[in-house]
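Tertiary structure, described
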Amino acid sequence: MMFTIPNIKRSISCLVLLFAAQFATAQSSQPNIVFILVDDLGWGDLGVNFQNEKTGKRHFTPEMDALIHQGVNMVAHYCPAPICAPSRASLFLGQHQGHADVRDKQFDKALPDQLTIGSAMQKAGYRTALVGKYGLQGKEGFDPESWPAYPTKRGFDEFFGYAAHRDGHLHYPFHTWSLGDKPHHKDRKQLWHQDEEISGQLEGCYTTDLFTAFAKKWIVDHRNTSPEQPFMLMLMYDTPHAALQVATGPYPEGKGLSGGVQWLGKPGKMINTAEGEIDSYIHPDCRSEKWTNVEQRFASMNRRIDHAVGDLAQLLRDLKLAENTLVVFTSDNGPHKESYIEGEVYTPQSFKSYGPYEGIKSDIWEGGIRMPSFAWWPETIPAGHVDRNNSQFHDWFSTFVELAGLPRPAVSDGID
C-alpha cells in the first residue's frame, strides 16, 4: 500500500478519533475516590480485626465493621515508615522509602516538586481536595504563599486543614490547651482554607467533626456544580494522635445528607457540634469506673471517627454516588503512647491496639507498620472479602491512576 499524504492524514484522523473515544469512555467510567487516613490508629483498634474478639476492656467500631463486611478487609497492608511524615510522603509520591525524599522525623519537610497522587489525578480530569492534616509544606515561610509545597502547589485544587505538623497535635484549633505538659502546644493552632487562616472562626470546633463536615460539604458542592467530573478527596484526620481531646457532645442523630455533622459556615458556629463544653464528651460505651480517664478518652476518640466514617458513607448513598466511589480507610502508623495531659500516661497496651502483634508507633515490628485498612465500593468490591496479600502505601498511587484510565507513571514504585 502506498502511503500518500491524504492516506496519512486519514490514518492520523482515525487514530485521533479512536483515542478520543477511548478517553471519553475512560472518563465516563472513572470512579470517585475518598481516601481516609487516620493518625496513629493501631491494627487492633478495628473491631473486626481484634477488639470484637476480646473480653474485658475493649472499644467498638460498629460503623466501620459494617463497611468492612460489605467490602474488603486488607489485613496485610503496611505503611512505609512507622511515623507520620515519611509515611504520608510515600503515600503522596507513590514511592517506597528507598526513593521518597522525606524520611525519619523530617516533619514539615517540603514534599518534592514532582508528580504526586494529586497532580496525577488532576491530569486524569479529577477535581482534588485535601482535608485535614498535611505537614509536608516546607519549613521555609510562614503562609501558603511562601510555603514551597503547600497542598495547592502539589496537586490539590482545595485544601482545608492543618498545614504544619505541630498544629495537628491539638484537636480544637480555636482553643488553648491548659491540661498539657508541653508549653508550645498551649497556644491556638493555625488552620487554613486555601490562603486564609481561619482558626479564629472555629470556636467549639472539634477537628474530627470539623473535617468530616467540611468533607461532606465539599462533596455536596461538587455534586451540585460539576456532577460529571470525577473527584478525589483525601480526608486526613489528626485523631486519635497526640492530645487525647474528646468532642463537645454526642454525635448528631442520623447520617448523611440530612443528619450527622453538618457544615453551617458561620464564624463561631461553623459546624452543628460547635456548642456545649469543649473536650467533655465520653461515649456511653466508653464510660467505666475500671477505665482510667485517658482510656475513656482514647476509646471515645476512636468511636467518634467510627461515627464520622459511617456518616460519610451514608452521604455517598444519599447522593447516589456510592456505587461509583471507592472508599479506602487506613492509618499512617502504629498506635501512640501520648495523652498531653499532665500526670496521666496513656499506653496502647490498654486496649492492645497493636492486636496480636508486637510493636507500636516508631517500631518496625508488625504493630508499628501493619495498618488497619479496608476498602468499600458497593457493587464492585465483593462483600465479605479478606485480602491477605501484602501491600503498602505507595500502591495506592498506581491503583488510583490506573482506575482513572491512565498508565502507571514511571515514577511510582507501586502496583495496582
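Anything mentioned here points back to the structure above.
Calculation rules
Residues numbered from 1 in each chain as written. Predicted model: local features only at pLDDT ≥ 70, side-chain atom pairs only at ≥ 80, totals over all residues. Heavy atoms only, no water. Axes fitted to C-alpha atoms, helices over the stretch in contact; angles between N-to-C directions. Helix = DSSP H or I, 4+ residues; strand = E, 2+ residues; numbered from the N terminus. Parallel < 35°, antiparallel > 145°, perpendicular 65-115°, else oblique. Contact = heavy atoms within 4.5 Å. Nonpolar A, V, L, I, M, F, W, Y, C, P; charged D, E, K, R; others polar. Buried < 20%, exposed > 50% of the residue type's maximum accessible area, 1.4 Å probe, protein only. Lys, Arg positive; Asp, Glu negative; His and termini not counted. Salt bridge = Lys/Arg side-chain N within 4 Å of Asp/Glu carboxyl O. Polar contact = N/O pair within 3.5 Å; in protein donor to acceptor, adjacent residues only side chain to side chain. Pairing = 2+ DSSP bridges. Disulfide = S-S within 2.5 Å.

1. Some details on the packing of helix α2 (residues 62-70) against helix α6 (residues 293-318)
Between α2 and α6, the least distance of the axes is 7 Å, while the angle of their chain directions is 50 degrees. Here α2 is positioned oblique relative to α6, judged by the angle of their axes. Where α2 abuts α6, its residues Pro-62, Glu-63, Met-64, Leu-67 and Gln-70 lie against Arg-303, Asp-306, His-307, Val-309, Gly-310, Ala-313 and Arg-317. Looking at the contact of α2 with α6 residue by residue, the classes come out as 5 nonpolar, 3 polar and 4 charged.

2. Description of the side chain of Asp-167
Secondary-structure assignment places Asp-167 in the loop between β5 (158-162) and β6 (192-193). Here Asp-167 occupies a buried position and makes no salt bridge, while the nearest side chain of opposite charge, Lys-189, is found at 4.4 Å. A polar contact is formed between the side chain of Asp-167 and the backbone nitrogen of Gln-190, at a distance of 3.4 Å. Asp-167 has contacts with Tyr-162, Lys-189 and Gln-190, leaving out every residue within four places of it along the chain.

3. Focus on the sheet that holds strand β7 (residues 196-197)
Taken in spatial order, the 10 strands of this open sheet run β7-β6-β5-β4-β8-β1-β11-β13-β2-β14, and their pairing is mixed. Each edge of the open sheet is held by one strand with a lone partner, namely β7 and β14 (385-387). Note that strand β4 (residues 127-133) and β5 share 5 bridges and pair parallel. Following the sheet pairing, Lys-133 is matched in β5 by Tyr-162. Running over the sheet, α2 touches β2 (72-74), β11 (325-331) and β13 (374-376) and is turned about 70 degrees from β13. Sheet contacts for helix α3 (residues 84-93): β1 (32-38), β4 and β8 (231-236); angle to β8, the most-contacted strand, approximately 175 degrees.

4. Quick word on helix α8 (residues 394-403)
Across the 10 residues of α8, 8 count as buried, placing the element largely inside the fold. Gly-405 sits one or two residues past α8 and shows a positive phi near 100 degrees.

5. Things to note about the state of the cysteines
Throughout the structure, instances matching the rule amount to 0 disulfides. The thiol of Cys-79 is not disulfide-bonded; the next cysteine sulfur, from Cys-84, is found 11 Å away.

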